[in-house]
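# What the coordinates show
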Amino acid sequence: MSPSAIVITPGQLTRRAELYHQMAQLIAAGLPILRALEQIGRHPPSRSFRAPLQSIIQDINAGYVFADAAARSGGWIAPFDLALLQAGEKSGRLDACFRVLADYYTDRARMARQMIGDLAYPLFLFHFAIFILPFAQFFSTGNLTVYLLKTVGVIIPLYGLALLVIYAGQNKHGESWRAIVERILHPLPLLGSGRRELALARLAMALEALINAGVSIVDAWELAGTVSGSPYLRRKVHAWKPNVLAGQTPAEAVTESNAFPDLFANQYHSGEISGKLDETLKRLRQYYQEEGSRKIHAVCQWLPRIIYLAVALFIAYRIVSFYSDYFQQLNQIMGP
């Protein structure tokens, strides 16, 4: 995916998923990260990947670690991906992190294809209505300017708005932008809660990997907050660092914070007391991953239906308005 791309297509998402899938397989097979990159660089899933991969390989040969080399690739890798890969490199579980990213992009590509397929018919109806309903007036008056204003003048602003929404929702932007989008989407049913639950799943996954790798609990929480992909969670986690360094346990910090649901806080507290925090975090990751995915999938199923209903109502309104004006003109012509 090009950092300058306005819209990321399902094909681009699929090729990114394939890249991460191949990396996961090669690293799990025992290849060092440099060898894995060199092998994929010869035949990457997309020709556009060749130059960024070569840049990363050169930086690793120059002495950079993989995460730092990836960060120097000119925005080719999204901030969320970088945070997760950094956690994977620190924990020694890069293969698992690549698998998570492969599944993430595969799921995004599938949902994007489903959304496009479900939207095809309502969008066709909408365009048909936009161009055909004002045609009777154009046919009778011959005023092309008015016809273009009522058709192209409506379509272009809507296209611009749609592109802006798609661009705003992509994960390649900086934290300030993502924080604004997060605040806007937070109150939305299903979509807001689904995004929050997926962020908790990523946090639990990263936290479990880092703790098992021997990373200190303070550093593990700080990095896991970044990996979550939620600017809100990251700020909350980073804010309690001084208290944890002063002696407060992470379980107490989680319980006192309003950023975590009761289920997460209670389970984490129990895992910390019982000494089975890794098992608890695995369960939390699985639970929030399933719940978040279910809600996001529901949004992808219902949004096209809502748009279809809106288009149908719009067409009905335009037809009723047309005949109302038509009969009103007839009454004026025929007189009392």
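Presented here is an overview of the structure given in this document. (Residues numbered from 1 in each chain as written. Predicted model: local features only at pLDDT ≥ 70, side-chain atom pairs only at ≥ 80, totals over all residues. Heavy atoms only, no water.)

## Overview of helix 3 (residues 50-61)
- Taking 1.5 Å of rise per residue, 12 residues should cover 16 Å, and helix 3 covers 17 Å from first to last C-alpha, within 8% of that figure.
- Those residues of helix 3 not exposed but buried are P52, L53, I56, I57, D59 and I60. What you see down the axis of helix 3 is that its buried residues fit within an arc of 165 degrees, all on one side. Opposite the packed face of helix 3, turned more than 90 degrees from it, sit the exposed residues A51, Q58 and N61.
- Just past helix 3, the residue G63 takes up positive phi, approximately 115 degrees. (Helix = DSSP H or I, 4+ residues; strand = E, 2+ residues; numbered from the N terminus. Expected span 1.5 Å × (residues − 1). Buried < 20%, exposed > 50% of the residue type's maximum accessible area, 1.4 Å probe, protein only. Arc of directions from axis to C-beta.)

## A few points about the packing of aromatic side chains
- Counted by the stated rule, this structure contains 14 aromatic pairs.
- Considering the side-chain rings of Y20 and Y105, the 5.8 Å spacing of their centres and the 40 degrees angle between planes classify their relative orientation as tilted. Highlighted residues: Y20 in helix 1 (residues 10-28) and Y105 in helix 6 (residues 94-132), separated in sequence by 85 residues. Grouping residues by exposure puts Y20 and Y105 together as buried.
- Taking the relative accessible area as the measure of exposure, Y105 reaches 0% and is therefore buried.
- Above the face of the W76 ring, R16 is positioned so that its terminal group lies 4.4 Å from the ring centre.
- Taking NZ or CZ as reference, R305 lies 4.6 Å from the ring centre of W302, over its face. (Phe/Tyr/Trp six-rings, centres within 6.5 Å; stacked < 30°, edge-to-face > 60°. Lys NZ or Arg CZ within 6 Å of the ring centre and 35° of its normal.)

## So, the environment of V181
- Turning to its location among the elements, V181 is positioned in helix 10 (residues 175-185).
- By relative accessible area, V181 is classed as buried at 13%.
- Between the C-alpha atom of V181 and that of S46, which follows or precedes it by 135 residues, the distance is 30 Å.

## Description of helix 16 (residues 262-274)
- If you check helix 16, its first and last C-alpha atoms are 18 Å apart, about what 13 residues at 1.5 Å a residue would give, namely 18 Å.
- Of the residues making up helix 16, those classed as buried are F264, A265, Y268 and G271. Along the axis of helix 16, the buried positions cluster into a sector of 135 degrees, meaning they face one direction only. Opposite the buried face of helix 16, by more than 90 degrees, sit the exposed residues D262 and I273.

## Considerations on the side chain of K295
- Mapping K295 onto the fold places it in helix 17 (residues 277-334).
- Separated by 3.4 Å, the side chains of K295 and S193 make a polar contact.
- When near neighbours in sequence (up to four residues on either side) are disregarded, K295 contacts L190, S193, G194 and E197. (Polar contact = N/O pair within 3.5 Å; in protein donor to acceptor, adjacent residues only side chain to side chain. Contact = heavy atoms within 4.5 Å.)

## Considerations on the environment of P79
- Its location among the elements puts P79 in helix 5 (residues 79-91).
- Judged by relative accessible area, P79 falls into the partly exposed class, the value being 30%.
- When the C-alpha positions of P79 and L158 are compared, they lie 29 Å apart, and in sequence the two are 79 residues distant.

## Considering the pattern of salt bridges
- Per the stated rule, a full pass over the model turns up seven salt bridges.
- Salt-bridge contacts for D59 lead to R72; the nearest nitrogen and oxygen are separated by 3.2 Å. In this pair, D59 is assigned in helix 3 and R72 in the loop between helix 4 (66-71) and helix 5, connecting sequence segments 13 residues apart.
- Judged by relative accessible area, R72 falls into the partly exposed class, the value being 47%.
- Notably, a salt bridge pairs D107 with R110, separated by 3.2 Å at the nearest N-O pair. Residue D107 and its partner R110 are located together in helix 6, separated by three residues, close to a single helical turn.
- The class of D107 is partly exposed, set by a relative accessible area of 21%.
- By relative accessible area, R110 is classed as partly exposed at 40%. (Salt bridge = Lys/Arg side-chain N within 4 Å of Asp/Glu carboxyl O.)

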